[in-house]
Structure formats: structure tokens, C-alpha cells
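Here is what each chain is made of, one letter per residue.
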Amino acid sequence: MTSETHAGARPMRADARRNYERLLATARTAFAEHGTGASLEDVARVAGVGIGTLYRHFPNRYALISAVFEEAVTELLDRSRALLDAPQPCSALVAWLRDIITHASEYRGLSRALMSASQDAGSALARCSAPMRAAGQALLSRAQESGAVRRDVSITDLLQLTNAIALAAEETPSDPELADRLLHLTLRGLTAP
């Protein structure tokens, strides 16, 4: 969904578009500072709108998280396309997974939200992750075709593991190397013998 249309329906009025943009900017800041569990009432208040206006634009927390995460998804999709031509397919896959962990760490609680949303295919956040799965599948398939990654590895499992690594790193801020260590451990289990 862009700021020009609301849920793909029709163009928004100028005041509605301004409210939408203010809500997104405020939510981005609130999620970065307080995590994805930040108070939606506070987001609306700081954006200068009522809670009803927030819910007209974003019917639930996942819809708001999805809209905030949309920019990062676009960057990650662009990065996956750039990595498709990398000379070492497994290294390209690892670089992309590391990028996902980095992006997830920008918003405390995002990894947990992504993991729970993956169980609800109809949620806004799960719809946001569909293009990510497709991009990851392209990188994974290339790594599997090169013989570097086992054939029985699925992108769904790999993304869940990536989110779990990001969550573990989030829960252990005193160990900044944890995400890299866990990613390397995971990759040892993925690689073909």
C-alpha cells in the first residue's frame, strides 16, 4: 500500500495522505525506540490524530508494522536481485540472510512479529513476507544448484531460523557477535557434505 492509495482502493484525499504519512513516520520512530509493541495510542497522539484515524489506515498492529517494514522489504528485495549474479551462490545467500538479521534488529520485536505472522497467511505482515520468501527461494535454489546447500533445506525454515537468530540477538544485547555465530552454526547444518 502506498501513500497514494489506501488498501489499493482509490487515491487518498490530501489530508488522509498527510495523516497516513505522519502515522508511518511516528510509528517508525516509536518502533525503533520502544519496539513493535509500542503503544498505538501514543503513536496516534504523537502523530496528531485520534486512535480511530490510525485504525482507519491500519486495522491492526500487524498492518502498521507491515507498512513500516515495507521500505526495508524493498531494500532487501533489491539486494537479493543484486546478489543473484554473485559468483558464489552460497556466500550470496549468507550475505542476504545477514542483511535480514540487520534489518530485523532495527525494530525490537519485529522478529517475533514476523515469526508469529508466518502462521497467519492472511495477515498484512505475512503478505509482506511473501515477496521475501520468493527472493530468498531464488537465492537458495541457486545455492542448492551449485551443490553448496543441501536439497532438503526450505526457504520457509531458513527464514524462520533467521528470525530466530535475530530474536536471540535482540534478547542478548550484551553479546554483539551472537547473531554471526548463530548464523555460522546454522549454515554448517545447511551445507552439503
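Criteria and cut-off values
- Residues numbered from 1 in each chain as written.
- Predicted model: local features only at pLDDT ≥ 70, side-chain atom pairs only at ≥ 80, totals over all residues.
- Heavy atoms only, no water.
- Buried < 20%, exposed > 50% of the residue type's maximum accessible area, 1.4 Å probe, protein only.
- Helix = DSSP H or I, 4+ residues; strand = E, 2+ residues; numbered from the N terminus.
- Arc of directions from axis to C-beta.
- Contact = heavy atoms within 4.5 Å.
- Polar contact = N/O pair within 3.5 Å; in protein donor to acceptor, adjacent residues only side chain to side chain.
- Axes fitted to C-alpha atoms, helices over the stretch in contact; angles between N-to-C directions.
- Parallel < 35°, antiparallel > 145°, perpendicular 65-115°, else oblique.
- Left-handed = near helix turned anticlockwise from the far one by under 90°.

(A) Expanded view of helix H2 (residues 40-47). Turning to H2, its buried residues are Leu-40, Val-43, Ala-44 and Ala-47. Each buried residue of H2 lies within a common arc of 95° when the element is viewed along its axis, so the set occupies one face. Away from its buried face by more than 90 degrees, H2 exposes Arg-45 and Val-46. The elements touched by buried residues of H2 are helix H1 (14-34), helix H3 (51-57) and helix H4 (61-83). Among the residues of H2, the N-terminal cap falls to Ser-39, whose side-chain oxygen and the backbone nitrogen of Glu-41 are separated by 3.3 Å. Phi turns positive, to about 80°, at Gly-48, one or two residues after H2.

(B) Quick look at the packing of H1 against H2. For the pair H1 and H2, interaxial distance at closest approach is 9 Å and the crossing angle is 125°. By the angle between their axes, H1 is oblique relative to H2. With respect to the hand of their crossing, H1 and H2 are arranged in right-handed fashion. The segment H1 lies against H2, with Arg-22, Leu-23, Thr-26, Ala-27 and Ala-30 engaging Val-43, Ala-44, Val-46 and Ala-47.

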